[in-house]
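# Understanding the architecture of this molecule
One letter stands for each residue in the lines below.
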Protein chains: 2
Amino acid sequence: MPIELVSQTKVCGGLHQQFNHSAETLNCTMRFAIFLPPQASESSKVPVLYWLSGLTCTDENFMQKAGAFKRAAELGIAIVAPDTSPRGDDVADDEGYDMGKGAGFYLNATQQPWAAHYQMYDYVVDELPKLIESNFPVSSIKSISGHSMGGHGALTIGLKNPDTYRAISAFAPIGNPVNCPWGQKAFTSYLGDNQQDWLAYDASELLRKSSAAISILVDQGDADTFLAEQLKPETLIDAADSYDGSFELRMQPGYDHSYYFISSFIDDHLNFHAANLLAS
Amino acid sequence: MPIELVSQTKVCGGLHQQFNHSAETLNCTMRFAIFLPPQASESSKVPVLYWLSGLTCTDENFMQKAGAFKRAAELGIAIVAPDTSPRGDDVADDEGYDMGKGAGFYLNATQQPWAAHYQMYDYVVDELPKLIESNFPVSSIKSISGHSMGGHGALTIGLKNPDTYRAISAFAPIGNPVNCPWGQKAFTSYLGDNQQDWLAYDASELLRKSSAAISILVDQGDADTFLAEQLKPETLIDAADSYDGSFELRMQPGYDHSYYFISSFIDDHLNFHAANLLAS
């Protein structure tokens, strides 16, 4: 699985790199970004935090705006950020910012014209980690985080694979997509009209039914303009009632949906992931 | 002097805001950004660090990418970022990224068509601080920093006004603009052909002749692609030989010219400014 270097920059003693590769699951060329902390070497492999971004983002938003590298370098954690959808001229798209390119919703589409490329779940869960672990000085120990649509991705992927990920965190996740406009629009197109099929990608539903105990941390700003209509943290909190694992959802007063919010609490999330990733 | 709120976002316990105002010195509407740390109040005014950005930037680049707010909030320092040139449809411009809009070079232009609006020196030194100090809970204690063209701006403005600013820092500054292509192009257009007139805006010249002792910190990446042709840190180092103040220029191995470089060392600069701003 060859990868092609796109850019390389030293930051906080570590290395930020972007690569292109031919993604088999998505049937297109994909770009991803990786931050390698200074501790990473073949004789000292580091764990990986996978970061899933929100609607309209690429691999760049988190890397440029989250301010995560100083703490990640101190902790010795690599960070991998994939793109948010398949890309390319032959990939189906939609006029809306919340469907198609930039809006893959981290699921495997079953409906045409989407199914040919929109298999982001398989890409993030299977193909990308294999690629990362075979090309970089990282271990197979991993956890997952994300923002908004990517918070939905982190929660659903983590809850469906509790033996693969050590911990889950999310910023302002779409917590109950089967009951919000963003989720309903995307799931109808990608998964079809049978709403039973949607439940496999609903964080609240998965949390309610989970028999796992993977630790979960969620931050949500109470000045987030998407809070009531799209994000529904109260549904997540209800679903966590019977959850066996640690679940903490922090309402952060005055914070909105932006990367300024993420940058305010990213160190807490990195510390949370480190406590799980670096435990023996 | 009325100011119009453009955006407002909570970050790291403080507040990031953007405002528009009618700038008298520049004869146009200007936008600036301010970060107010949580300590700032009318009964507890905080000092201000002015940040001058580089070519092509606006008030947004530093605020979104530098990762400065966590430390600034801990230290209790406000940060103000002006735009890099006058703006608007009736403002003269140039096809190059290194002249005209986005490239004001923090000087007072004497040549037409530039002189009508390009008076960034007066704007940064006089008009903007008056506006800031009359509209926000900040003191008149200030220091100055910047990147590339803005590093040139910070060094020249600070050295020309050593009683106004408590300290100067710069990332990858244009250290000797009279002897590099960026500076020669800009100074010829803005100041005319008489190279004697250029010396008033050359950091190396000002440093060599300074009788002040304002403390200066400079960081420069040795993998910066602009290093040899445009930035010339060695000229600054030579000029500092007879300087009475503290002057430190740190060559940072492997770092380039990007905001990843700035974000790697911004905490050091904030600590340096705090030591000077918060001293009694």
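All chains use their own residue numbering, which begins from 1 and follows the written sequence. Both sets of labels track the order of writing: A upward for chains, 1 upward for ligands. Reporting of local features is limited, given that this is a predicted model, to residues whose pLDDT is at least 70; pairs of side-chain atoms are given and counted only at 80 or more, and all residues count toward the totals for whole chains, interfaces and linings. The basis for every side-chain value is the complete set of heavy atoms in the structure, and neither hydrogens nor water enter the calculation.

### Focus: the relation of the copies chain A and chain B
Of the transformation placing chain A onto chain B, the axial shift is 0.0 Å and the rotation is 180°, giving an RMSD of 0.0 Å. Taken together, the turn and the small shift mark the pair as related by a two-fold rotation axis. Interface overlap between copies: 100% of the residues of chain A at the interface are likewise at the interface in chain B, consistent with a symmetric, same-surface contact. Here the copies were fitted onto each other by least squares, based on C-alpha atoms from residues at pLDDT of at least 70 in both. Contacts are residue-level and defined by heavy atoms, with any inter-residue pair within 4.5 Å sufficient.

### A few points about the packing of aromatic side chains
Aromatic rings from Phe, Tyr and Trp, taking only the six-membered ring of Trp, are treated as a pair when their centres fall within 6.5 Å; an angle between ring planes under 30 degrees marks them as stacked, one over 60 as edge-to-face, and anything in between as tilted. Counting across every chain of the model gives 36 aromatic pairs over all chains. On the basis of an interplanar angle of 85° and a centroid distance of 5.3 Å, the ring pair of Trp-114 of chain B and Tyr-118 of chain B is categorised as edge-to-face. Burial classes: relative accessible area under 20% of the type maximum marks a residue as buried, over 50% as exposed, and values in between as partly exposed (1.4 Å probe, protein chains only). Judged by relative accessible area, which is 8%, Trp-114 of chain B ranks as buried. Remark: a charge is flagged as sitting over a ring if the NZ atom of Lys or the CZ atom of Arg is within 6 Å of the ring centre and within 35 degrees of the ring normal. Directly above the ring of Tyr-201 of chain A sits Lys-160 of chain A, whose terminal nitrogen or CZ lies 4.8 Å from the centroid.

### Some words on the sheet that holds strand 7 (residues 165-171) of chain A
All names here are of chain A. When DSSP locates at least two bridges between a pair of strands, those strands are taken to pair. A run of H or I in DSSP becomes a helix once it reaches four residues, and a run of E becomes a strand once it reaches two; helices and strands are each numbered from the N terminus. With respect to topology, 9 strands assemble into an open sheet ordered 1-2-3-5-4-6-7-8-9, the strand pairing being mixed. Edge strands, defined here as strands with exactly one partner in the open sheet, are strand 1 (3-11) and strand 9 (247-252). Across this sheet, the average inter-strand angle for adjacent strands is 20°, counted without regard to direction. In this structure, strand 4 (residues 46-52) lies alongside strand 5 (residues 78-82), joined through 3 bridges in parallel fashion. Convention adopted: a line fitted to C-alpha atoms gives each axis, helices being fitted over their contacting stretch, and angles between N-to-C directions are expressed from 0 to 180 degrees.

### Details of the interface of chain A and chain B
Contact with chain A, which involves 20 residues of that partner, is made by 20 residues of chain B. When residues of chain A are sorted by the area they lose upon contact with chain B, Lys-10, Gln-64 and Tyr-260 of chain A head the list and together hold 38% of the total. A salt bridge links Lys-70 of chain B to Asp-267 of chain A, with the shortest nitrogen-to-oxygen separation between them at 2.4 Å. By the criterion applied in these results, polar contacts are pairs of N or O atoms within 3.5 Å in which, for protein atoms, one can donate a hydrogen and the other can accept it, and in which residues neighboring in sequence qualify only through two side-chain atoms. Connecting chain A to chain B are 8 residue pairs in polar contact (both at pLDDT 80 or more). Put simply, the parts of the chain that give the side of chain A that touches chain B at least two residues each are strand 1, helix 1 (60-65), helix 2 (69-75) and helix 9 (259-277) of chain A. Here the side of chain A that touches chain B takes 4 residues from helix 9 of chain A, the largest share from any one element. Side-chain classes are defined by residue name, with Ala, Val, Leu, Ile, Met, Phe, Trp, Tyr, Cys and Pro counting as nonpolar, Asp, Glu, Lys and Arg as charged, and the others, Gly among them, as polar. Class assignment of the residues belonging to the side of chain A that touches chain B gives a composition of 7 nonpolar, 8 polar and 5 charged. When two components associate, each loses some accessible surface as probed by a 1.4 Å sphere; the sum of these losses over both components is called the buried area. Whenever Lys or Arg places a side-chain nitrogen within 4 Å of a carboxyl oxygen from Asp or Glu, that contact is recorded as a salt bridge.

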